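Chains, contacts and geometry: an overview
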Amino acid sequence: NSNSSSSNSSYSSSRSVGSGCMSGGMASLGSGGSGAAHTVRVCVLGDAQTGKTSLISTAANDTFDERPPPVLPPVRLPRDFSPDGVPMLITDTSSRPEDSAAVELAILHADAIVVCFDARRQATLDSIRTDWYPRVQAVKPDVPVILACCKSDLLADTQDGHEIQAIRERVEAAVQDLSHVEVCLNCSSHTLRMVTDVFYYALKSVLYPLQPLYDRIEKRLRPLCVRALKRIFIMCDTDGDGALSDAELNGFQELCFKVALQDDELQNLKHVVLAKMPNGVLDRGLTLEGFLFLHVLFIERGRLESTWAVLRTFGYNDALHLSDEVLDRLQWALPPDATYELSGGAVEFLRRAFAAADEDGDGLLTWHQLERMYSTIPPPMWTAEQWAHVLVSGMYGQAHKLDAFLLKWHYAMLQNPRATLAQLLYLGVGGPSGAGADALLVRKTRRRRDRRADLAARNVFHCYVFGPRGCGKSSLLRALAGSPAPSDGCPEQPAAAVGYVVLEDSTEKVLVMSEIADDIISEFMMLQRISGGAPAGGGGGMGGGGKARLSSSMPDLTRADVAAFLFDCSSEESFRAAAEMLVAVSTAAGDSLPCALVACKDDLGMAQAMEDEVASACLELAVPLVPVSAASNELSWLLRRLVSMSIRPEGYIPITPARRAQRQFWRQAGTYGLAAAAVAATGGLLYYLYASTASTSQQRADSQQGHDVHGGPRSWSSAAGSSGIGAGGGGNISGAPAGGSAAAAGGGASLSDGVASISSSLSLLGQSFGFSRPP
């Protein structure tokens, strides 16, 4: 594919094959491209007799078939067709109306489209605009389109170039507003001219797509491409002076293309930029305008692989977003007892970014300054509309103090860690391919089911705020954000608030409070009543899942570190509703969520009967009661209390009916276990006493028998000199039963004492269980 033949034989928007980027390194075709990992499918369309089948057959066999079949089956081009062996599958189509369904299916599965027309038949060119291009857009709008002007050998018979020029003008007029047409090539299957180029450009349009980078009609870079290239420029500008020096430019070249530029090549590069854009080069080096101009030059000269090599080196995918390979370096599927927070390095980077954006040094960033800072993010995750219902401490209308700026990032990390990491990387931290992404986040432990977790190392805590309508939830959120009353730029009904809380030991923590909307609470409580309450034991555990957790609108309770249940201390109905919510929510959270009852409007006072009822409920549920009054500015003490409960939650878990039933179950199980152990021990003791008694009796019988055996000879020897043989023998023989009887009597006494002792123990054990002693 020579440069000369490609450029001379192509019409509008042709992309010639050059030989290097930044006048140096050649980017390998397909390196990092989306098409390198799978077969690229190309669908060939066009009117009848335009040369579709001959084009495919000639490209596959490198010979011209005089009598091709009407339609070829799918043809796979050999791997050596492309420079790095990307497989291609080409699908031929029929132009008959009855085959339109098969044509649409082929378009749907295609990565690129080739539309053929006859160089001598104007109607086939017109049908591209009126028929084929609209059909492609209707089925697959973003697929690249290559035009093939077939049978160009017939044009060679003309003696002058007027016909070729006329065809060129007609093609340009036909495709001037067809944005997805990337190139039109002049080819001939009969002479094998530019046949392989057609499919080479189709492959190239898949591996290095034009659409995400450049608007061919407007002749300018697309906004996402500008944002990406600006981020790359900022990351390569290591000294932050707004220009790439020769050393920085060479570092960029070596990183992306593995080839360094010589001094004369650097000077030539600058001269090219200066010739078209005087502001593109300063004494300090290449400016952002010059950097962008170079990439426009590459694209217009058909060197899209150079720009894509740069983008993919810095982690971008074909949609010009950071790829999943970059973002998924971290594990996002965390267990319920783990969460991510911004690391100290990330916070320090954000401080520096704030200082750099604060050009006037007033300690405030306007929304316009923030937009300039976020100009490398495509687009920012949090827009002004998305922040409209979040109160942030340290904001003055649309102006941000440093605290408010950091608090927004803490809030974003709590809500969506993966997207927030992407935003940080877009700002230019974490390395070209995100290799330093894991240093931007730190994994922290959150509350556990066993409630034995010291969470003092955490910096960000999340509180869910429940309560009946009109109890003061919004006032609590405004107190956290330092906005005591609705004002311009502050919502009347905020959904969340974020602010700093200073504890008694002077440590500073971030507290996020999310108000659970009244309709969500009502739906949750209605479903809880219908289901009859959560089952004993908490149902779904840490994540809910029990019957009380049927509401799909209820936020995930595993994301809460503490819950505050507010009620109006002048209304008994308000208190009972809050207490009912506390029981239902705590049960749905698996009885592992620390909770507090908050008596709002304490300055109004509480009736004695209601005070007794509240005290009784708090004692029964074992939850703290925190009286507050917005009028007396006591809410700061409540915020510190909530953070302290989040740090050490084990003493603030409500004893709900489900938890009490669970405790009773385990208490009875333990008691029955002790009883079983006692019975087993008693059986063992009985067996031991029986075995020892039998052993003692046997030993005494054996001893007496031995005594009789030894006494016989003495009697016989005595008989030799005495006549008392019979008396002696008789006494010995009669003594044996007497000894045995005594032994038996002694064993019987020991057994009866053991049985009496065991019977007494069983009687006492039975009385402890409430059993009467059997007769």
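Residues numbered from 1 in each chain as written. Predicted model: local features only at pLDDT ≥ 70, side-chain atom pairs only at ≥ 80, totals over all residues. Heavy atoms only, no water.

Description of the overall build of the protein chain
- Per the secondary structure count, the protein chain includes 23 helices and 21 strands.
- The burial tally for the protein chain puts 46% of its 775 residues in the buried class.
- Roughly 35800 Å² of accessible area belongs to the protein chain as shown, and the carbon and sulfur atoms make up 54% of that amount. (Helix = DSSP H or I, 4+ residues; strand = E, 2+ residues; numbered from the N terminus. Buried < 20%, exposed > 50% of the residue type's maximum accessible area, 1.4 Å probe, protein only. Areas by Shrake-Rupley, 256 points an atom, 1.4 Å probe, with all protein chains shown as cover.)

Some points on the sheet that holds strand E19 (residues 562-568)
- Taken together, the seven strands give an open sheet; going across it, the order is E12-E17-E18-E16-E19-E20-E21, and neighbouring strands pair in mixed fashion. Each edge of the sheet is formed by a strand with only one pairing partner; in this case those strands are strand E12 (390-392) and strand E21 (625-627). On average, each strand axis in the sheet is tilted by 30° relative to the strand beside it, whichever way the strands run.
- The pairing of strand E20 (residues 595-600) with E21 spans three bridges and is parallel. (Pairing = 2+ DSSP bridges. Axes fitted to C-alpha atoms, helices over the stretch in contact; angles between N-to-C directions.)

Observations regarding the nonpolar core
- By size, the foremost hydrophobic cluster in this structure holds 104 residues, and its most contacted members are Val114, Phe199 and Ile232.
- Excluding residues within four positions of it along the chain, Val114 makes contact with Val42, Cys43, Val44, Leu45, Leu55, Ile146, Ala148, Val198 and Ala202.
- Counting 33 residues, the second-largest nonpolar core is a separate cluster that includes Phe466, Met581, Ala617 and Val623. (Core = buried A, V, L, I, M, F, W, Y, C linked by side-chain atoms within 4.5 Å. Contact = heavy atoms within 4.5 Å.)

Let's talk about the side chain of Asp118
- In this structure, Asp118 sits in strand E4 (residues 112-118).
- The class for Asp118 is buried, based on a relative accessible area of 5%.
- Only 3.0 Å separates the side chain of Asp118 from the backbone nitrogen of Arg120, close enough to count as a polar contact. (Polar contact = N/O pair within 3.5 Å; in protein donor to acceptor, adjacent residues only side chain to side chain.)

Focus on the sheet that holds E4
- Strand order in the open sheet formed by six strands is E2-E3-E1-E4-E5-E6, with mixed pairing between adjacent strands. Each edge of the sheet is formed by a strand with only one pairing partner; in this case those strands are strand E2 (75-77) and strand E6 (181-186). With strand direction ignored, the average angle separating the axes of adjacent strands in the sheet is 25°.
- Relative to E6, strand E5 (residues 145-150) runs parallel, the two being bridged by five bridges. Bridge assignment links Ile146 to a residue of E6, and that residue is Val183.

Examining the pattern of salt bridges
- Scanning all chains against the criterion turns up 23 salt bridges.
- Of the charged contacts, one joins Asp177 and Arg129 as a salt bridge, the two residues approaching to 2.7 Å between their closest N and O atoms. Pair noted here: Asp177 is in the loop between helix H5 (162-175) and E6 and Arg129 is in helix H4 (residues 122-139), with a separation of 48 residues, a long-range link.
- The exposure class of Asp177 is partly exposed, given its relative accessible area of 41%.
- By relative accessible area, which is 36% here, Arg129 ends up partly exposed. (Salt bridge = Lys/Arg side-chain N within 4 Å of Asp/Glu carboxyl O.)

Points about helix H7 (residues 223-236)
- When the terminal C-alpha atoms of H7 are compared, their 20 Å separation across 14 residues agrees well with the 20 Å that a helix rising 1.5 Å per residue should span.
- Among the residues making up H7, those that are buried are Cys225, Ala228, Leu229, Arg231, Ile232, Phe233, Met235 and Cys236.
- Summarising the contacts, the buried residues of H7 are in contact with strand E8 (220-221), helix H8 (246-257), strand E10 (285-286), helix H10 (288-300), helix H11 (304-313) and helix H16 (417-426). (Expected span 1.5 Å × (residues − 1).)

Quick look at unusual backbone geometry
- Phi at Gln49 takes a positive value of approximately 65°, unusual for a residue other than glycine.
- Mapping Gln49 onto the fold places it in the loop between strand E1 (40-46) and helix H2 (52-61).
- The exposed category is assigned to Gln49, whose relative accessible area is 61%.
- Phi is positive for Leu320, close to 60°, though the residue is something other than glycine.
- One can find Leu320 in the loop between H11 and helix H12 (324-327).

Topic: the packing of H8 against H11
- One way to put it is that H8 packs onto H11 with a least axis distance of 9 Å and a crossing angle of 90°. One finds that H8 runs roughly perpendicular with respect to H11. On H11, the residues that touch Phe252, Leu255, Cys256 and Phe257 of H8 are Ser306, Ala309, Val310 and Thr313. (Parallel < 35°, antiparallel > 145°, perpendicular 65-115°, else oblique.)

Comments concerning the pairing of E1
- With six of its seven residues buried, E1 lies for the most part within the structure.
- Two elements, E1 and E4, share five bridges in a ladder whose sense is parallel. Residue pairing across strands places Leu45 opposite Val115, the latter belonging to E4.

Quick look at the packing of helix H17 (residues 473-481) against helix H21 (residues 635-647)
- Taken N-terminus to C-terminus, the directions of H17 and H21 make an angle of 85°; their axes are 10 Å apart at the nearest point. It follows from the interaxial angle that H17 and H21 lie roughly perpendicular. On H21, the residues that touch Ser475, Leu476, Ala479 and Leu480 of H17 are Leu635, Leu638 and Leu639.
- Partitioning the contact of H17 with H21 into residue classes produces six nonpolar, one polar and no charged. (Nonpolar A, V, L, I, M, F, W, Y, C, P; charged D, E, K, R; others polar.)

Notes on the environment of Thr63
- Inspection of the secondary structure puts Thr63 in the loop between H2 and E2.
- C-alpha separation for the pair Thr63 and His190, spaced 127 residues apart in sequence, amounts to 8.3 Å.

Quick word on the side chain of His180
- Tracing the chain through its elements places His180 in the loop between H5 and E6.
- Here the side chain of His180 touches Ser179 through a polar contact of 3.2 Å, side chain to side chain.
- What His180 contacts, discounting residues up to four positions off in sequence, is Tyr133, Gln137, Pro141, Asp142, Val143, Pro144, Val145 and Gln211.

Examining the environment of Ser323
- Mapped onto the fold, Ser323 is located in the loop between H11 and H12.
- Expressed as a C-alpha distance, the spacing of Ser323 and Ser433, which sit 110 residues apart in the sequence, is 9.4 Å.
- Sequence-distant contacts of Ser323, defined by excluding residues within four places in its chain, comprise Gly315 and Asn317.

So, the state of the cysteines
- Using the criterion set out here, one finds zero disulfides in the structure.
- Not part of a disulfide, Cys187 finds its nearest cysteine sulfur in Cys150, a span of 4.1 Å.
- Overall, the relative accessible area of 1% leaves Cys187 in the buried class. (Disulfide = S-S within 2.5 Å.)

Overview of the confidence of the model for the protein chain
- When pLDDT is averaged across the protein chain, the result is 80; 77% of the residues are at 70 or more.
- Predicted confidence is poor over residues 534-550, with pLDDT under 50, and the contacts of this stretch with residues over four places away or in other chains come to 54 contacts.
- Predicted confidence for residues 709-751 stays below pLDDT 50, and this span has 11 contacts to residues more than four positions away or in other chains. (pLDDT = per-residue confidence, 0-100.)

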